[in-house]
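Here's the letter readout for the chains.
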Amino acid sequence: MSGIRETLKDKKRIVIKIGSSSLQHVETGNLDYAKLDMLVRELCDLRNQGKDVVLVTSGAIAVGKRAVNFNDVKEENPIAVKQAYAAIGQARLMMTYQKIFAEYNQVAAQILMTKYTIVDNLNRFNARNTFAELFKLGVIPIVNENDTVATHEIEIGDNDTLSAIVASLVGADLLILLSDIDGLYTDDPHSNPDAKYIEVVEELTEELLEMGKESTGSDSGTGGMNTKLQAAKIASSVGIDMVIANSREIKNIRRILDGKNIGTLFVANRDEQFDLPLYVQQMHIKG
């Protein structure tokens, strides 16, 4: 399988997704600035190698909650409260990213998306053009779902799926999902010590997709293994290799792109019949 890993060295356009729990200190829920700095440094180094890079980041709602010292009390209008936290947190999160990117002489840009960005032909066309111009300018786009306005009808629901959609939209050739797990297992390794680690998935079968149905995400995030496998389905179907790796070591990004055996590699298996806008329109939205 080393030959498959070797091909990752030649990837030119890379989408990297990092989850909420990966950006926070476990004890307090506050942002882990040291990890953010390492992440930004790695992304800037990829950009300096001439690669196009997109970051899909979670964390806006969590940051917003911390900013207003949120306590877990029952709210009368939870959607509005969540959107208010997102409005506060998105600005703070982006300000933090901009400051760190500036330390490495790199310009970053913010793109907020909803389901309509993909489903609507004109919106999708405009979004693709925006990304293309940002790449020409040498800018690193930072993408998140637009949680300040997204409702049940128009939300994508999780950033694993969003990152695969973004990778398809921009014509990426590699998607890296950084999470709190080492990769794909035959069962939940936290509860089953006999769960076996899977290094490479050459074909995403229905059996594998079913394996993720029972998994859940962390307290901070919205995606479990199910959403990661759905992301793999999108990425693979449009011809994009995908790797799930542990965010504990941010340098895993570099190791993956050096062809090292890190994380689970889902090999692209293009499906000419796959229609991304139709898939996004019909996919199950989490309630």
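### What about the pattern of salt bridges?
And step 1. Going through the model one piece at a time under the given rule, you end up with 11 salt bridges.
And step 2. Between Lys-17 and Asp-160 there is a salt bridge; the shortest N-O distance is 2.9 Å. In this pair, Lys-17 is assigned in strand 1 (residues 13-18) and Asp-160 in helix 7 (residues 159-170), connecting sequence segments 143 residues apart. There is no split in this pair, since Lys-17 and Asp-160 are both buried.
And step 3. Salt bridges sharing common partners tie together Lys-17, Asp-160 and Lys-228.

### A short note on helix 2 (residues 33-48)
And step 1. If you check helix 2, its first and last C-alpha atoms are 22 Å apart, about what 16 residues at 1.5 Å a residue would give, namely 22 Å.
And step 2. Within helix 2 the residues assigned to the buried category are Lys-35, Leu-36, Leu-39, Val-40, Glu-42, Leu-43, Cys-44, Leu-46 and Arg-47.
And step 3. The inward-facing, buried residues of helix 2 abut strand 1, strand 2 (52-57), helix 4 (78-103), helix 6 (121-136), strand 4 (140-145) and helix 10 (252-257).
And step 4. Where helix 2 begins, the capping side chain belongs to Asp-32, and its oxygen is found 3.3 Å from the backbone nitrogen of Ala-34.
And step 5. Downstream of helix 2 by a residue or two, Gly-50 has a phi angle that is positive, lying close to 95°.

### Some remarks on the confidence of the model for the protein
And step 1. Mean pLDDT over the protein works out to 86, with 89% of the residues at or above the 70 mark.
And step 2. When the criterion is pLDDT under 50, residues 216-223 qualifies, and its contacts beyond four places in sequence or with other chains add up to 16 contacts.

### Quick look at the packing of aromatic side chains
And step 1. In this structure the tally under the stated criterion is 4 aromatic pairs.
And step 2. Judged by centre distance (5.3 Å) and plane angle (55°), the rings of Tyr-185 and Tyr-197 are tilted. Remark: Tyr-197 occurs in strand 7 (residues 197-198) and Tyr-185 occurs in strand 6 (residues 184-185); sequence separation between them is 12 residues.
And step 3. Assessed through its relative accessible area of 33%, Tyr-197 is described here as partly exposed.
And step 4. Ring centres of Phe-274 and Tyr-279 lie 5.2 Å apart, and the angle between their planes is 45°; on these two criteria the pair is classed as tilted.
And step 5. For Tyr-279, a relative accessible area of 17% puts it in the buried group.

### Here's the deal with the environment of Leu-55
And step 1. The residue Leu-55 is located in strand 2 in this model.
And step 2. Residue Leu-55 is classed as buried on the basis of its relative accessible area of 0%.
And step 3. Linking Leu-55 and Ser-163, residues 108 residues apart in sequence, is a C-alpha distance of 8.4 Å.
And step 4. Setting aside its immediate chain neighbours within four residues, Leu-55 contacts Ile-16, Ile-18, Leu-39, Leu-43, Tyr-97, Pro-141, Ile-142 and Val-143.

Rules behind the numbers
- Residues numbered from 1 in each chain as written.
- Predicted model: local features only at pLDDT ≥ 70, side-chain atom pairs only at ≥ 80, totals over all residues.
- Heavy atoms only, no water.
- Salt bridge = Lys/Arg side-chain N within 4 Å of Asp/Glu carboxyl O.
- Helix = DSSP H or I, 4+ residues; strand = E, 2+ residues; numbered from the N terminus.
- Buried < 20%, exposed > 50% of the residue type's maximum accessible area, 1.4 Å probe, protein only.
- Expected span 1.5 Å × (residues − 1).
- Contact = heavy atoms within 4.5 Å.
- Polar contact = N/O pair within 3.5 Å; in protein donor to acceptor, adjacent residues only side chain to side chain.
- pLDDT = per-residue confidence, 0-100.
- Phe/Tyr/Trp six-rings, centres within 6.5 Å; stacked < 30°, edge-to-face > 60°.

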